[in-house]
Amino acid sequence: MPRPPRLSADAVVAGLRDLPLWSGDVDGLHRTVQLASFPAAVAAIVAIADVAEEMDHHPDIDLRWRTLHLTLVSHSEQGVSALDLELARRIDALLPS
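Residues numbered from 1 in each chain as written. Predicted model: local features only at pLDDT ≥ 70, side-chain atom pairs only at ≥ 80, totals over all residues. Heavy atoms only, no water.

Relative to strand β4 (residues 67-72), strand β2 (residues 28-34) runs antiparallel, the two being bridged by 6 bridges. Residue Val33 lies in a different strand from β4, and its bridge partner there is Leu68. Inspection of the sheet shows strand β3 (residues 60-64) paired to β4 by 5 bridges, in the antiparallel sense. Considered in β4, the bridge of Ile61 is made with Leu70. Hairpin connection, β3 to β4: the antiparallel pair is bridged by 2 residues, and Trp65 has positive phi, about 55°. (Pairing = 2+ DSSP bridges. Helix = DSSP H or I, 4+ residues; strand = E, 2+ residues; numbered from the N terminus.)

Close approach of charged atoms lets side chains of opposite charge pair. Evaluated as defined, the whole model comprises 6 salt bridges. Notably, a salt bridge pairs Asp27 with Arg6, separated by 3.3 Å at the nearest N-O pair. In this pair, Asp27 is assigned in the loop between β1 (23-25) and β2 and Arg6 in the segment before α1 (9-17), connecting sequence segments 21 residues apart. The exposure class assigned to Arg6 is partly exposed, which follows from its relative accessible area of 36%. Two residues, Arg64 and Asp62, come together in a salt bridge whose shortest N-O distance is 2.9 Å. Taking relative accessible area as the criterion, Arg64 reaches 54% and is therefore assigned exposed. (Salt bridge = Lys/Arg side-chain N within 4 Å of Asp/Glu carboxyl O. Buried < 20%, exposed > 50% of the residue type's maximum accessible area, 1.4 Å probe, protein only.)

Our focus in this paragraph is the sheet that holds β2. Pairing is antiparallel across the open sheet formed by 4 strands, whose spatial order is β1-β2-β4-β3. Each having just a single partner strand, β1 and β3 make up the two edges of the open sheet. When the angles between neighbouring strand axes are averaged without regard to direction, this sheet yields 15°. Inspection of the sheet shows β1 paired to β2 by 3 bridges, in the antiparallel sense. Bridging from a neighbouring strand, Gly24 pairs with Leu29 of β2. Packed onto the sheet, helix α3 (residues 82-94) meets β2 and β4 and runs at close to 155° relative to β4. (Axes fitted to C-alpha atoms, helices over the stretch in contact; angles between N-to-C directions. Contact = heavy atoms within 4.5 Å.)

This is the structure:
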């Protein structure tokens with residue numbers, strides 16, 4: 001299945017309007033979230049992993065105690081694609097605001 005192309009800067013800015021918890025540019029989307037505990041952070045990673053596998057699109061996740069640092073980028077496109085915006089929306093549905 002072909003992957004969606006890299007988005008323009010304007011398309012990324014427009015996509016981020018609907019994702020207020022995320023920041024970024026054409027090179028990647030970023031979100032940091034603090035969970036209630038280390039086990040809660042690990043559980044969030046598992047939930048994100050399930051969505052990522054379903055989409056066949058995988059985020060970069062850095063866990064620091066109970067804080068997750070998430071980065072989304074379409075490595076095959078060397079930048080942000082529509083898959084990253086969709087994964088960000090789906091991650092937001094899993095995590096606290």
